[in-house]
Amino acid sequence: MSKELESAFLKLDDYTKLHSVNVQELAVLVAKIYGLNSADTEALKNAAKYHDIGKIFTPAEILLKQGKLTDKEFAIIKAHPVDGANLLKNLDQPQAYIDAALKHHEKLDGSGYPYKLTAKELSLDIRIITVCDIYDALASARPYKKPLMYKEIKDILFKDVADRKLDMDVISKVLAAGKILKKEEIVRLYKDEKYMKYISPDVACDISDMIMKYGKVISPEEFKAMYKESGLMKDKGLAAPDFDTLDSIVKGISLAKNYYTHGIYGQGLGNKLHDIEM
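Just so we're clear, the structure is a prediction, and the values are computed from it rather than from any experiment.

Student: Help me out: how do you make sense of the packing of aromatic side chains in this one?
Tutor: Here the distance between the centres and the angle between the planes together describe a pair of aromatic rings. With the rule as written, the count across this model stands at 3 aromatic pairs. Consider the rings of Phe9 and Tyr50, whose centres lie 5.7 Å apart with planes at 90°: the pair is edge-to-face. Residue Phe9 is found in helix H1 (residues 3-10), and its partner Tyr50 is found in the loop between helix H3 (38-49) and helix H4 (60-63); the two are separated by 41 residues along the sequence. Taken as a pair, Phe9 and Tyr50 share a single burial class, namely buried. Each ring, one from Phe74 and one from Tyr113, has its centre 6.3 Å from the other, and the planes form 80°; the classification is edge-to-face. You can see Phe74 sitting in helix H5 (residues 71-77) and its partner Tyr113 sitting in the loop between helix H7 (95-103) and helix H8 (124-139), a full 39 residues away along the chain. For Phe74, a relative accessible area of 38% corresponds to the partly exposed category. Within the aromatic cluster, the residues linked to one another by ring pairs are Phe9, Tyr50 and Tyr97. The side chain of Lys49 reaches across the aromatic face of Phe9, ending 4.8 Å from its centre. Note that Lys173 overlies the ring of Tyr34, its terminal NZ or CZ placed 4.7 Å from the centroid.

Written out as structure tokens, the structure reads:
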């Protein structure tokens, strides 16, 4: 990767950098689900990272506005695909990167921007990056919105399929990838929390499965009852009424609720746990 390109990437605002890395991570997992070869996966990985590079030209007061954009402001935002593609061309980057920057807001039915391209002009790479971009935007917290729940994201994406805007096969794989990444993050966060240091990875997986199933940050009491009723305590050798291990889990749940209540952006279990529903 050229120094000039990486330097341009670092000029992006913090949210766009984080979003770009999230889209990249999600796209790589989708590539693995599709079984793409290493060369194609690497190309997709880099194209995903730089898909929003044109936003370095978008005025910060518009890009970071904490409210609804005016029509004029949205028109300015919509210039970033062309701006990004031109930048990548000037830096002699691969066509795959240029196409990702230029086409990631296009839709299969021709309703996207900037050129109202249709399905025949949108490759699998573009379709993957487009859906990953939408998924992460919906799943992310912003100063003016909470992240959407998994089911809400799925409903929005499925509506776009019904409207012939997005590719159903790609959506199914992005949703699967998103679920895998979220579960891995939950397990990692639980292992990192001071209250979770005695919890084994397999029990952490059980916790994440239950939270994903119920789709909300539940109370310690609810969680204890669900965990007991699920049979997992017996499976893991946690026979009632011995709640020693479960009590530390409950403390972690309480900590998660506290993080979410205080709205710590990008931090804490609460932001990661509250928005998943199977």
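Student: Help me understand the pattern of salt bridges, please; the structure alone is not making it clear to me.
Tutor: Proximity of charged atoms lets side chains of opposite charge pair with each other. Counted by the stated rule, this structure contains 9 salt bridges. In this structure, the salt-bridge partner of Lys55 is Asp52, at a minimum N-O distance of 3.5 Å. An identical accessibility class is assigned to Lys55 and Asp52; each is buried. Between Asp109 and Lys165 there is a salt bridge, with its nearest N and O atoms 3.3 Å apart. Taken together, the positions of Asp109 in the loop between H7 and H8 and Lys165 in the loop between helix H9 (150-162) and helix H10 (168-192) put the pair 56 residues apart, joining distant regions of the chain.

Student: Sorry, what's going on with the environment of Ala85 here?
Tutor: You can see Ala85 is positioned in helix H6 (residues 80-90). A residue is classified by how much of its surface remains accessible, and Ala85, at 3% relative accessible area, is buried. In contact with Ala85, other than residues within four places in its own chain, are Ile98, Ala101 and Leu102.

Parameters and conventions
Residues numbered from 1 in each chain as written. Predicted model: local features only at pLDDT ≥ 70, side-chain atom pairs only at ≥ 80, totals over all residues. Heavy atoms only, no water. Phe/Tyr/Trp six-rings, centres within 6.5 Å; stacked < 30°, edge-to-face > 60°. Helix = DSSP H or I, 4+ residues; strand = E, 2+ residues; numbered from the N terminus. Buried < 20%, exposed > 50% of the residue type's maximum accessible area, 1.4 Å probe, protein only. Lys NZ or Arg CZ within 6 Å of the ring centre and 35° of its normal. Salt bridge = Lys/Arg side-chain N within 4 Å of Asp/Glu carboxyl O. Contact = heavy atoms within 4.5 Å.

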